[in-house]
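A closer look at the structure
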Amino acid sequence: MTQALTQSATATPLLSNFIGGRFVAPTGPTFENRNPINGELVNLVAEADAAAVDQAVAAARQALKGPWGKTSEQERAALLRKVADGIMRRFDEFLAAEVRDTGKPASLASHIDIPRGAANFNVFADQILTLSTETFRMATPDGKGALNYAIRVPRGVIAVVCPWNLPLLLMTWKVAPALACGNTVVVKPSEETPTTATLLGEVMNEAGIPPGVYNVVHGFGPGSAGEFLTRHPGVDGITFTGETATGTAIMKTAADHVRPVSFELGGKNAAVVFADCDFDKAIEGTMRSVFANCGQVCLGTERVYVERPIFDAFVERLASAASQLKFGDPFDKATTIGPLISQEHRRKVLSYYDKAKSEGARIVLGGGVPELDGAFSGGSFVQPTIWTGLPESSAVIREEIFGPCCHIAPFDSEDEAIALANDSPYGLATAIWTENLTRAHRVAAQIDVGITWVNSWFLRDLRTPFGGSKQSGIGREGGVHSMEFYTELRNVCIKL
Ligand code: NAD
């Protein structure tokens, strides 16, 4: 048992809020965190009430005035590297916690979630050391001129509200640049995946991050910790990753006291597969973009458009590859697909499976719940599913499902493919598959998304701008773009 976890009255481990560098004994209700593999109770979680959120924001505000507020960029970069090292030193604990909370295969979490969760601290430690600002010399009537230069200051207390699909990775993607810039944070992890954010509190203490710089409050959205935090007047900026509808609600809340927001929201991403693609590469990449993390990746593909001459062969090969995905113990190396995050999310995904069927889709693969034996019968599994034949107006094609499924439709011209890909209220990511480089450049420039991959998917250089167009987000993070959100620029004008 770690400090983050204590024993509850029923002997179930209890996960506490982390405020001012301490795990705080719960005073209010607790909620259950269940393993989606089998429905077993992982831990009880202390729900932060309004008073606890107040304390967390006050601790974060206080820390800004303490030693943290006086640290140099070099000192902060060194501390962040210690946090990265601390996560890697306790890799197995983070891995076990992430796998228990999400049910995802350990093979996936051990090469994405945990190492990249740690790497975020190193990337932004590098970034802060190379950050520059602008200067302008101007003429004045007396001929002596004036010099303008900008300085960057931290925004203050940042609320970090996180989703459940890549819990540690997406949380540190925000926390690392916020701390690199000298802010303090109050994190609200998803109620589905509360453990790794809490464990990170221990690592922060071990690394010597001062108390109050990193705080964690647990709970839900409306009427709970999420809302208490985002409406708190002591919060100076809100960074949020999650559903577009939640982003809309948070933006309304942020309007009070005029707080800036950075939003990474939902998607309904297209893949465009041209007949001149490398067929094997396109199948391999689309397999990952549709089914990785059981389809619960914001950048994942749910609409596949394939040029007609290779349409039938593509559908057949993708279905054949997807039929090989294997459910099982997440720590078994043979397991390649996990469950959905919860029974509630499974009900949502299955409602789209039903809709596709009732609208007359051709169900090429799956379409229901897999039959699994005793150990996994309480899990929230669904079958990998492929459809064809639905009209583009179908909710299955227009709305984000966030499950291991896609619809595949044929196209006949480049212009038609671009129009189909763009016909969405979302604009997060696209994958283009073609060996014709001229076409790749031409098409990439015309697709209204924040991120386009050509002949790859999920290949991320963390210095590049990341974010969504249309209803997929506001702002860009990554590299210098994160620094834009987590600092405020002030201009100093000196008359010479
Ligand atoms: P969600 O919006 O349901 O919840 C996200 C977080 O917001 C949770 O911590 C939740 O408790 C909190 N929350 C909910 N309502 C709130 C409110 N009114 N006020 C304050 N906080 C509130 O999202 P989710 O189901 O956890 O995650 C899946 C969604 O996230 C998908 O739509 C996916 O596309 C999106 N996502 C986007 C990106 C991206 O980079 N664009 C990355 C990952 C996930």
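Under the annotation held in an unreviewed UniProt entry, the protein carries the name 2-hydroxymuconic semialdehyde dehydrogenase and is attributed to Rhodopseudomonas palustris. Listed under Sequence similarities (unreviewed entry) in UniProt, the entry text for the protein is "Belongs to the aldehyde dehydrogenase family."

Topic: the overall build of the protein
Broken down by element type, the protein carries 16 helices and 24 strands. Over its C-alpha atoms the protein spans a radius of gyration of 24 Å, differing by no more than 12% from the 23 Å that the globule rule assigns to 496 residues. When burial is assessed residue by residue, the protein has 58% of its 496 residues classed as buried. Here the contacts in the protein between residues at least 6 apart in sequence split such that 74% fall between residues at least 24 apart. When the accessible surface of the protein is split by element, carbon and sulfur atoms take 54% of a total near 19500 Å².

Digging into the packing of helix H5 (residues 113–129) against helix H16 (residues 479–486)
Between H5 and H16, the least distance of the axes is 10 Å, while the angle of their chain directions is 75 degrees. The angle between the axes of H5 and H16 places the two elements in the roughly perpendicular class. Contacts from Phe-124, Gln-127 and Ile-128 of H5 reach H16 at Gly-479, Val-480, Ser-482 and Met-483. Residue composition of the contact of H5 with H16, by class: 4 nonpolar, 3 polar and no charged.

Overview of the packing of helix H6 (residues 167–180) against helix H7 (residues 195–207)
How two helices pack is summed up by the angle between their axes together with the distance between the axes. For the pair H6 and H7, the least separation of the axes is 10 Å and the interaxial angle reads 40 degrees. If you check the angle between H6 and H7, you find them oblique. For H6 against H7, the interelement crossing comes out right-handed. Side by side, H6 and H7 meet where Pro-167, Leu-168, Met-171, Thr-172, Val-175 and Leu-179 of the first sit next to Thr-196, Ala-197, Leu-200 and Met-204 of the second. When the residues that make up the contact of H6 with H7 are grouped by side-chain class, the tally is 8 nonpolar, 2 polar and no charged.

Observations concerning the site of the ligand
Around the ligand sit 30 residues in total, of which Lys-188, Glu-191, Thr-246, Leu-265 and Glu-400 are the nearest. At 2.8 Å from an oxygen atom of the ligand is found a side-chain nitrogen or oxygen belonging to Trp-164. Interatomic distance of 2.7 Å between a backbone N/O atom of Leu-265 and a nitrogen atom of the ligand. Contact with the protein chains covers 92% of the free accessible surface of the ligand, which is 850 Å². When contributions to the shell around the ligand are tallied by element, the ones reaching two or more residues are helix H8 (225–230), strand E12 (237–241) and helix H9 (244–255). The leading source of residues in the shell around the ligand is H8, at 3 residues. Along the lines of polarity and charge, the residues of the shell around the ligand split into 15 nonpolar, 9 polar and 6 charged. Two domains each put at least three residues into the shell around the ligand: domain 1 (5–265 + 473–495) and domain 2 (269–461).

With respect to a nonpolar patch on the surface
On the surface, Leu-147, Ile-494 and Leu-496 cluster together into a nonpolar patch covering about 210 Å² of accessible area. Structurally, Ile-494 can be placed in strand E24 (residues 487–495). A relative accessible area of 34% places Ile-494 in the partly exposed class.

Topic: the pairing of strand E14 (residues 269–273)
Taking burial as the measure, the 5 residues of E14 include 5 buried ones, the bulk of the element. Taking the sense of rotation as the criterion, the β-α-β connection linking E14, helix H10 (residues 279–291) and strand E15 (residues 301–307) turns out right-handed. Where E14 meets strand E20 (residues 429–433), 4 bridges bridge the pair, whose relative direction is parallel. Bridged to Ala-271 within E20 is Ala-431.

Focus: the sheet that holds strand E18 (residues 405–411)
Read from one edge of the open sheet, 7 strands run E16-E17-E18-E15-E14-E20-E21, paired in mixed fashion. Either end of the sheet is taken by a strand with one partner, and the two such strands are strand E16 (362–365) and strand E21 (451–454). Mean inter-strand twist for the sheet, computed between neighbouring axes without regard to direction, equals 25 degrees. With 5 bridges connecting them, E15 and E18 associate as parallel partners. In the strand pairing of E18, Val-304 is matched with Ile-408.

Topic: the side chain of Asn-17
By the secondary structure assignment, Asn-17 is in strand E3 (residues 17–19). Its relative accessible area of 5% is what places Asn-17 among the buried residues. Among the polar contacts made by the side chain of Asn-17, one reaches the main-chain amide nitrogen of His-218 at a distance of 2.7 Å.

Focus on the nonpolar core
Burial of nonpolar side chains together is a common tendency in soluble globular proteins. Membership of the largest hydrophobic core comes to 68 residues, with the highest contact counts inside it found for Ile-87, Phe-121, Val-175, Leu-200, Tyr-214 and Leu-299. When residues in this core are grouped by element, the largest group, 10 residues, is from H6. Mapping this core onto the domain boundaries places at least three of its residues in each of domain 1 (5–265 + 473–495) and domain 2 (269–461). The residues touching Phe-121, leaving out its near neighbours within four places in the chain, are Leu-80, Val-83, Ala-84, Ile-87, Thr-172, Val-175, Ala-176, Leu-200 and Met-204.

Details of the UniProt feature "active site" (unreviewed entry) in the protein
On the UniProt side, "active site" (unreviewed entry) is annotated at positions that read Glu-264 here. If you trace the backbone, Glu-264 turns up in strand E13 (residues 261–264). According to the relative accessible area criterion, Glu-264 is buried, its value standing at 6%. Glu-264 has contacts with Trp-173, Lys-174, Phe-240, Thr-241, Gly-242, Phe-466, Ser-472 and Glu-477, leaving out every residue within four places of it along the chain.

Remarks on the pattern of salt bridges
Considering all chains together, one arrives at 24 salt bridges under this definition. Note that Asp-276 is salt-bridged to Arg-439, the shortest N-O span being 3.3 Å. On the criterion of sequence distance, the pair formed by Asp-276 in the loop between E14 and H10 and Arg-439 in helix H15 (residues 437–446) is long-range, its members being 163 residues apart. By relative accessible area, Arg-439 is classed as buried at 14%. Linked by salt bridges that have partners in common, Arg-90, Glu-93, Glu-202 and Glu-206 make up one network.

Description of the sheet that holds E24
The 3 strands lie next to each other as E7-E8-E24, forming an open sheet whose pairing is antiparallel. Strands with a single pairing partner mark the edges of an open sheet, and in this sheet they are strand E7 (135–138) and E24. On average, each strand axis in the sheet is inclined to that of its neighbour by 25 degrees, with strand direction left out of account. Where E7 meets strand E8 (residues 146–154), 4 bridges bridge the pair, whose relative direction is antiparallel. Each bridged residue has a counterpart across the sheet, and for Thr-135 the counterpart in E8 is Tyr-149. With respect to the sheet, H16 is in contact with E8 and E24, its orientation differing from that of E24 by roughly 80 degrees.

Cut-offs applied
Residues numbered from 1 in each chain as written. Predicted model: local features only at pLDDT ≥ 70, side-chain atom pairs only at ≥ 80, totals over all residues. Heavy atoms only, no water. UniProt positions renumbered as here; feature names shortened; annotations may be inferred. Helix = DSSP H or I, 4+ residues; strand = E, 2+ residues; numbered from the N terminus. Rg over C-alpha atoms; globule rule 2.2 N^0.38 Å. Buried < 20%, exposed > 50% of the residue type's maximum accessible area, 1.4 Å probe, protein only. Contact = heavy atoms within 4.5 Å. Areas by Shrake-Rupley, 256 points an atom, 1.4 Å probe, with all protein chains shown as cover. Axes fitted to C-alpha atoms, helices over the stretch in contact; angles between N-to-C directions. Parallel < 35°, antiparallel > 145°, perpendicular 65-115°, else oblique. Nonpolar A, V, L, I, M, F, W, Y, C, P; charged D, E, K, R; others polar. Left-handed = near helix turned anticlockwise from the far one by under 90°. Near = heavy atom within 4 Å. Polar contact = N/O pair within 3.5 Å; in protein donor to acceptor, adjacent residues only side chain to side chain. Domains from an automatic or database assignment. Patch = residues over 30% accessible without salt bridge, like charges linked within 9 Å, V, L, I, M, F, W, Y side chains within 5 Å. Salt bridge = Lys/Arg side-chain N within 4 Å of Asp/Glu carboxyl O. Right-handed = clockwise from strand over helix to strand, strands pointing away. Pairing = 2+ DSSP bridges. Core = buried A, V, L, I, M, F, W, Y, C linked by side-chain atoms within 4.5 Å.

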